[in-house]
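# Examining the three-dimensional arrangement
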Amino acid sequence: MSRALRRAAALLACLLVASCATGSAGSPRGGGAASEAGAVHVAVDTPQLRALKAKAGVRPCRAGSGANDLPKVTLPCLGGGRSVRLDRLHGPLVVNLFAQWCGPCRAELPYYEELHRKGRGTVGVVGVDYLDTRPDKALELVRDTGVTYPLLADPGGTLRADLRIRGLPGVAFVGADGSVQVEFGVVDSYAELRAMTQKHLDVTLPS
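Summarised in this report is the structure supplied together with it. Keep in mind that what you see is a predicted model, and the values were worked out from it rather than measured.

## Digging into the overall build of the protein
Counting its regular elements, the protein contains 6 helices and 7 strands. Overall, the protein shows an N-to-C arrangement of helices and strands of α-α-β-β-β-α-β-α-β-α-β-β-α. Expressed as a percentage of the 207 residues in the protein, the buried residues total 49%. Across the protein, contacts joining residues at least 24 apart in sequence account for 71% of those joining residues at least 6 apart.

## Thoughts on the state of the cysteines
Counting across every chain of the model gives 2 disulfides. Here cysteine 61 is linked by a disulfide to cysteine 77, with a sulfur-sulfur distance of 2.0 Å. One quick way to see it: the torsion about the S-S bond of cysteine 61 and cysteine 77 is about 80°, and its sign makes the bridge right-handed. Here cysteine 61, found in the loop between α2 (47–56) and β1 (74–75), pairs with cysteine 77, found in the loop between β1 and β2 (84–85); they are 16 residues apart in sequence, far enough to count as distant. By the burial criterion, cysteine 61 is buried, and cysteine 77 matches it.

## Regarding empty space enclosed by the protein
For the coordinates displayed, the defined rule picks out 1 cavity of 30 Å³ or more. If you add up the space inside the largest cavity, you get close to 30 Å³. In terms of lining, the largest cavity is formed by Leu70, Leu86, Val95, Leu159, Leu163 and Ala172. Here the lining of the largest cavity is composed, by residue class, of 6 nonpolar, no polar and no charged.

## So, helix α6 (residues 190–201)
Look at α6: 16 Å from first C-alpha to last across 12 residues, which is about the 16 Å you get at 1.5 Å a residue. Considered for burial, the residues of α6 that qualify are Tyr190, Glu192, Leu193, Met196, Thr197, His200 and Leu201. Mapping the buried residues of α6 onto a view down its axis gives an arc of 160°, with all of them on the same face. Count one or two residues on from α6 and you reach aspartate 202, which has phi positive near 55°.

## Some remarks on the pattern of salt bridges
Under the defined criterion, the tally for this structure stands at 6 salt bridges. Across the salt bridge formed by arginine 85 and aspartate 87, the nearest N and O atoms sit 2.6 Å from each other. Residue arginine 85 is classed as partly exposed on the basis of its relative accessible area, which comes to 37%. Residue arginine 134 is joined to aspartate 136 by a salt bridge in which the shortest nitrogen-to-oxygen separation is 2.7 Å. With relative accessibility at 35%, the residue arginine 134 sits in the partly exposed group.

## Details of the layout of surface pockets
Of the voids in this model, the largest pocket is the one considered here, and its volume is about 500 Å³. Forming the walls of the largest pocket are 23 residues, and the residues nearest its centre are Leu93, Gly124, Val125, Val126 and Pro150. In terms of residue count, the dominant contributor to the lining of the largest pocket is strand β4 (residues 124–130) (3 residues). Class assignment for the residues of the lining of the largest pocket results in 12 nonpolar, 8 polar and 3 charged.

## Side note on unusual backbone geometry
Here the residue pair glycine 91 and proline 92 is connected by a cis peptide bond, since its omega of 0° sits within 30 degrees of zero. Locating proline 92 in the fold gives a position in the loop between β2 and β3 (93–98). A cis geometry characterises the amide bond from leucine 168 onward to proline 169, with omega recorded as 5°. Along the chain, the position of proline 169 falls in the loop between α5 (160–163) and β6 (170–174). We note that arginine 164 has phi near 55°; this positive angle belongs to a residue other than glycine. By the secondary structure assignment, arginine 164 is in the loop between α5 and β6. Phi angles above zero are rare outside glycine, and aspartate 202 is one such case at about 55°. Checked against the element boundaries, aspartate 202 lands in the segment after α6.

Conventions used here
- Along every chain, residues carry numbers that run from 1 in the direction the sequence is written.
- Local features in a predicted model are, by the rule used here, given only for residues with pLDDT of at least 70; side-chain atom pairs are given and counted only at 80 or more, and totals for whole chains, interfaces and linings are based on all residues.
- Here the side-chain values reflect all heavy atoms present in the structure, with hydrogen atoms and water set aside.
- Under the scheme used here, helices are H or I runs from DSSP no shorter than 4 residues and strands are E runs no shorter than 2 residues, and both carry numbers assigned from the N terminus.
- The rule is simple: take the accessible area with a 1.4 Å probe, protein chains only, and divide by the maximum for that residue type; under 20% is buried, over 50% is exposed, in between is partly exposed.
- Any two residues whose heavy atoms approach within 4.5 Å are treated as being in contact.
- By convention in this document, the label disulfide applies to cysteine sulfur atom pairs within 2.5 Å.
- For cavity detection a 1 Å grid was placed over the protein atoms alone, and a set of points counts as a cavity when a 1.4 Å probe fits there but cannot get out; an open set counts as a pocket when protein lies on both sides within 12 Å along at least five of seven lines, with lining residues being those that have an atom within 4 Å of a point.
- Grid points are joined across faces, edges and corners, and a volume is the space filled by probe spheres set on the points.
- Side-chain classes are defined by residue name, with Ala, Val, Leu, Ile, Met, Phe, Trp, Tyr, Cys and Pro counting as nonpolar, Asp, Glu, Lys and Arg as charged, and the others, Gly among them, as polar.
- Expected helix span is taken as 1.5 Å per residue step, with the number of steps being one fewer than the number of residues.
- Our arc is simply the arc of the directions from the helix axis toward the C-beta atoms.
- Whenever a carboxyl oxygen of Asp or Glu lies within 4 Å of a side-chain nitrogen of Lys or Arg, that contact is scored as a salt bridge.

See the structure below:
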C-alpha cells in the first residue's frame, strides 16, 4: 500500500471513530466523546490526574499575554494547573489536536514531542485533548509516548465549530503575527511535521 493510501485509510478510520462516538444525531456512544460542544462536565483536575501528570513529566500550562486568531476560548489544563485562553497565546506555536481514542493521533504524539524538544526557543508546542471524556487514559497515553509539552483539555468539543473540526488528527499553526492555519490529516514522521511547521510559521528547525 502506498504512503498516500495509508494516510487516507488512517484518516478515514479516525473520522469514522469520531462519527460513531457522537452518533448521527449527536448523542454520545461509548466513552470517547461528548454529545454537544461544551455540554459535558468532565473533571480534568483530580488528585489521580495530578499524579499521572507528574509521573509523565508534563510541563505546566502557562497563560499568554499575546493576541492571535485562535478562538476566544479558555480551556482547563489537563491534569491540573492554570487554565489558558487560547487567543492570548504567543506564536510561533503549534497546537496539536488529539484524543486517546484516535489511533493516528497516538502514533503522531512522539513527533510533536520531538518538535517540542528540538524547537525549544523557536516554536512552542501545546496539545489539546479534544472530545475525550477519559482524561486518565489520555495522561496514560502521553506517559507511554513520552509527551512532556503542556496539555489542555476540551472534553465537550468547544472548539468544534470555530476550528471546523470534523475529525482528528488536527494541528493549528499560530504565527508570530497571530495568524492561524489549521490542517487535518495524518503526520507520518517528524520530518513531515518539521516541514509543515517551517512552511506555515516561517521558522528554521533542526532535523
